[in-house]
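Listed here are the chains, written in short residue letters.
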Amino acid sequence: QVQLVESGGGSVQAGGSLRLSCAASGRTLSTIIMGWFRQAPGKEREFVAAIRWTGINSYYSDSVKGRFTFSRDNAKNTLDLQLNSLKPEDTAVYYCAAKFRGDTSDPMAARYEYWGQGTQVTVSS
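Predicted model, so just to flag it, every value in this text is computed and none were measured.

> Before we go on, may I ask you to explain the nonpolar core in this structure?
As a rule of thumb, nonpolar side chains are buried together in soluble globular proteins. Counting residues in hydrophobic clusters, the biggest one holds 32 residues, and the most contacted among them are Leu4, Trp36, Leu81 and Tyr94. Taken together, the elements giving at least two residues each to this core come down to strand E1 (2–7), strand E3 (18–26), strand E4 (33–39), strand E5 (46–52), strand E7 (68–73), strand E8 (78–83), strand E9 (92–99) and strand E11 (119–124). In this view, Leu4 contacts Cys22, Ala23, Ala24, Met34, Cys96, Ala97, Ala98, Tyr114, Trp115, Gly116 and Gln117; residues no more than four positions away in its chain are not counted.

Spelled out as structure tokens, the structure:
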């Protein structure tokens with residue numbers, strides 16, 4: 001079992017920044033792949049980015065590449081996603097998720113076994 005808790009969502013104007021955190025606990029974390037997904041109202045859940053818990057093999061969707069970046073907070077034992085240059089189309093509920101198999105480049109949500117509760121990100125124009 002893996003428990004995931006997101007934090008850090010909020011409301012910003014276009015061009016602003018937010019930092020999302022995902023705290024993980026449970027099974028051996030060093031082997032997990034952590035992904036971020038988002039879901040806007042009326043749309044399907046969309047892959048955003050993924051990375052191994054050890055901090056290697058990061059992968060970003062084309063829509064966020066160059067604007068979103070992973071970082072580790074070893075003191076808090078979290079993997080954070082820094083969201084820069086935010087656009088109104090980034091508005092969604094963001095979820096962190098974890099899986100033990102596969103690759104960071106696989107965007108399929110169905111392959112992720114564990115999910116957090118989600119955190120809202122709202123970007124106004």
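Let's pick the thread back up.
> Please explain the pairing of E11 as it appears in this structure.
Consecutive residues of a regular strand have side chains that alternate between opposite faces of the sheet. Residue alternation in E11 divides its side chains into a buried set, Thr119, Val121 and Val123, and an unburied set, Gln120, Thr122 and Ser124. Both strand E2 (residues 10–13) and E11 contribute to a ladder of four bridges, which runs parallel. Paired with Gln13 across the strands is Ser124, a residue of E11. Where E9 lies against E11, three bridges are found, and the strand directions are antiparallel. The partner of Tyr94 across the bridge, within E11, is Thr119.

> Could you clarify how one ought to interpret the pattern of salt bridges in this entry?
Opposite charge on two side chains permits pairing when their charged atoms draw close. Enumeration over the complete set of coordinates arrives at six salt bridges. Salt-bridge contacts for Asp90 lead to Arg38; the nearest nitrogen and oxygen are separated by 2.9 Å. Residue Asp90 is located in the loop between E8 and E9, and its partner Arg38 is located in strand E4; the two are separated by 52 residues in the primary sequence. With a shortest N-O distance of 3.3 Å, Lys65 and Asp62 are connected by a salt bridge. Judged by its relative accessible area of 69%, Asp62 falls in the exposed class. One continuous salt-bridge network, built from bridges that share partners, spans Arg38, Glu46, Arg67 and Asp90.

> Would you explain the confidence of the model for the chain in this entry?
As a general rule, the predicted coordinates of low-pLDDT regions are not to be interpreted in detail. In this model, the chain carries an average pLDDT of 94, and 100% of its residues clear a pLDDT of 70 or more. Confidence, read as mean pLDDT per element, is least for E7 in the chain (90) and greatest for E2 (98).

Calculation rules
- Residues numbered from 1 in each chain as written.
- Predicted model: local features only at pLDDT ≥ 70, side-chain atom pairs only at ≥ 80, totals over all residues.
- Heavy atoms only, no water.
- Core = buried A, V, L, I, M, F, W, Y, C linked by side-chain atoms within 4.5 Å.
- Buried < 20%, exposed > 50% of the residue type's maximum accessible area, 1.4 Å probe, protein only.
- Helix = DSSP H or I, 4+ residues; strand = E, 2+ residues; numbered from the N terminus.
- Contact = heavy atoms within 4.5 Å.
- Pairing = 2+ DSSP bridges.
- Salt bridge = Lys/Arg side-chain N within 4 Å of Asp/Glu carboxyl O.
- pLDDT = per-residue confidence, 0-100.

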